[in-house]
Amino acid sequence: MTTDLPSTNPSDELHDDPNPRTPHTPGTSGTGFDPDAIVVTGIGAVLPTGRGPEALWSAWRQAQPALSPYRDPYVRTRKISHFGHVPDALQEESRDSVPHKLRKFGTPFTFNAVLAAQDAMAAAGESWQQVPEERRGLYVAQDDSTDLSAAAFHKALDNARTDHSPEAGVNLTRLVAEAFGNAATFNPFTVIRALNNNTLALISIAQRFRGDCAAFVQDAGAALGALQRAAFTLREGTCDTALVVGAGSYNEPLKLAAQYRAGHLTPGGPDGAALRSFDAERDGTVLAEGAVALVLERAGDAAARGARPLVTFLGAALRPAVDSGVGPSALAEGPRGLLAEHGLTPDTLGAVLADGKGTVRHDAAEAELLRALLKDSGVPVGSLRPVTGTLGAAGPLAELALAPHLFATGELPPIAHLRTPPDDGTDFVMGAPRKRRIDSVLSLHSTFNGFAGALLAQRPHTD
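This is a predicted model, so every value here is computed, not measured.

Cut-offs and rules
Residues numbered from 1 in each chain as written. Predicted model: local features only at pLDDT ≥ 70, side-chain atom pairs only at ≥ 80, totals over all residues. Heavy atoms only, no water. Phe/Tyr/Trp six-rings, centres within 6.5 Å; stacked < 30°, edge-to-face > 60°. Helix = DSSP H or I, 4+ residues; strand = E, 2+ residues; numbered from the N terminus. Buried < 20%, exposed > 50% of the residue type's maximum accessible area, 1.4 Å probe, protein only. Core = buried A, V, L, I, M, F, W, Y, C linked by side-chain atoms within 4.5 Å. Contact = heavy atoms within 4.5 Å. Polar contact = N/O pair within 3.5 Å; in protein donor to acceptor, adjacent residues only side chain to side chain. Arc of directions from axis to C-beta. Axes fitted to C-alpha atoms, helices over the stretch in contact; angles between N-to-C directions. Parallel < 35°, antiparallel > 145°, perpendicular 65-115°, else oblique. Left-handed = near helix turned anticlockwise from the far one by under 90°. Nonpolar A, V, L, I, M, F, W, Y, C, P; charged D, E, K, R; others polar.

We now examine the packing of aromatic side chains. Per the counting criterion, the structure on display carries five aromatic pairs. Residues tryptophan 128 and phenylalanine 209 carry aromatic rings whose centres are separated by 6.1 Å and whose planes lie at 45° to one another, so their mutual orientation is tilted. With tryptophan 128 in the loop between helix 3 (108-123) and strand 6 (136-142) and phenylalanine 209 in the loop between helix 6 (198-207) and strand 7 (213-217), this pair connects stretches of sequence that are 81 residues apart. Taken individually, tryptophan 128 and phenylalanine 209 each receive the classification buried, so the pair is uniform in this respect. Relative to phenylalanine 428, the ring of phenylalanine 278 has its centre 4.8 Å away and its plane inclined at 40°; by these criteria the two rings are tilted. Pair noted here: phenylalanine 278 is in the loop between helix 8 (253-261) and strand 9 (289-298) and phenylalanine 428 is in strand 14 (residues 427-428), with a separation of 150 residues, a long-range link.

Below, the structure is given as structure tokens:
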């Protein structure tokens, strides 16, 4: 099978790949259609860049960061300079996507997850609705972002102080009820807002998922675990379709304080907060919030219902990282093994999407990992992080959501703000998009809690 790349506008500044290759693409060249391959057929996104994968792609390709000065009505700080906020209007759309009676059981970031899930299911096509509810799997990755939060109690205390009704006052029972979202009485069921499976609960109720389900917690590693579980259950026949959702927010006072004290955050400066992944002048990351949802199913099932596969998900790997004492050379064995399992080597990869958190320590370790993994193979390396900020559980899914654009356009966007890369041995894309046929993508991720992982995707077979 051959796929023609769209013509390129002559006014666009594209850099031709200095090391053109013809990547081997298992499943698309000589091996034929694999009905058991796991494909993505629907994508939804609610991110600082806006709603949908197209908004994310546009911001990435044009190197336009969606980071803004930090703001929150109940958190006042000079320590946190910038943040990747979901736009207010989009946050309101997310809230409106949740049935009114369910809103008291959710949080702003789980509302984002519901809207992303709704969009992903709509993108998967009308025939997807014919899948029985008990055959729909739901696998959620959620940051450890929960209510009750310090901000929720702050808000409740403010309300109690300004409420002049006879039953008002700084009463502990009322204060707890208010913080949970119930102004009059405490409803124990709303404790669901304080649980790390809040996203799973809200989506399963709002969108009627009654099949196999699982919730994974904390950072990018949770998304990789959710993808692994979804692929496993699809291959085992436990479900016919799987919705994978990654969601969360670092906008919680204690979490922000912990990252600041650990020295992970950029202090900003006169030019604002530029997240400078891998650059010699990098000085920290910018935290963010958002949600991404993907509909996964077996390729044969997708073809039978007339759905168009957007990307083939080959697999994911997760293991202890540098923070746990594992060196970059040993750490490279995880993604290297993932490539080998699917007949790929670094030389035949189309592109690598690095994590690029922007902290001095994390980026130094990842740069060493890239050197050990790629070994002057000439594979171009990009990073989405300077555009979105550090997304946590939504991060790996956001990069998987961008794979169809990489396949279709044949270009890898530059790493925003990168001027002085760490070495000449790794081909970091700088300045302008790199023109290149991309049939496979390796995405790398590290977490703040000591794990690192990778996911591998390829161009889907559509014959």
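More follows now that the structure is in view.
Here we take up the nonpolar core. As a rule of thumb, nonpolar side chains are buried together in soluble globular proteins. With 52 residues, the main nonpolar core has Trp60, Leu227, Val292, Leu294, Leu296, Phe313 and Leu400 as its most contacted residues. The residues touching tryptophan 60, leaving out its near neighbours within four places in the chain, are Leu353, Ser383, Leu384, Val387, Leu402, Leu406, Leu412, Pro413 and Pro414. In this structure, Ala124, Leu200, Phe209 and Ala293 belong to the second largest nonpolar core, which totals 29 residues.

The next subject is the side chain of threonine 285. Examined against the element boundaries, threonine 285 turns out to sit in the loop between helix 8 and strand 9. Polar side-chain contacts of threonine 285 include one of 2.8 Å to the backbone oxygen of lysine 357. In this structure, threonine 285 is in contact with His264, Leu265, Thr266, Leu275, Lys357, Gly358, Thr359, Thr390 and Phe448, ignoring residues within four places of it in sequence.

Turning to helix 8, a few remarks are in order. Residues Lys255, Leu256 and Gln259 constitute the buried set of helix 8. End-on view of helix 8: buried residues confined to an arc of 100°, all on one side of the axis. Of the residues in helix 8, the exposed ones pointing more than 90 degrees away from the buried face are Leu254 and Arg261. Here the buried face of helix 8 lies against strand 5 (82-83) and strand 8 (241-249). Of the residues that open helix 8, the one with a side-chain oxygen 2.9 Å from the backbone nitrogen of leucine 254 is glutamate 252. Trailing helix 8 by a residue or two, glycine 263 shows a phi angle of about 75°, which is positive.

Viewed as axis vectors pointing N to C, helix 3 and helix 6 meet at an angle of 45°, and their least axial separation amounts to 9 Å. By the angle class used here, helix 3 and helix 6 are oblique. For the crossing formed where helix 3 meets helix 6, the hand is right-handed. Where helix 3 abuts helix 6, its residues Phe109, Thr110, Phe111, Ala113, Val114, Ala117, Gln118 and Met121 lie against Asn198, Thr199, Leu202, Ile203 and Gln207. Considered class by class, the residues forming the contact of helix 3 with helix 6 number eight nonpolar, five polar and no charged.

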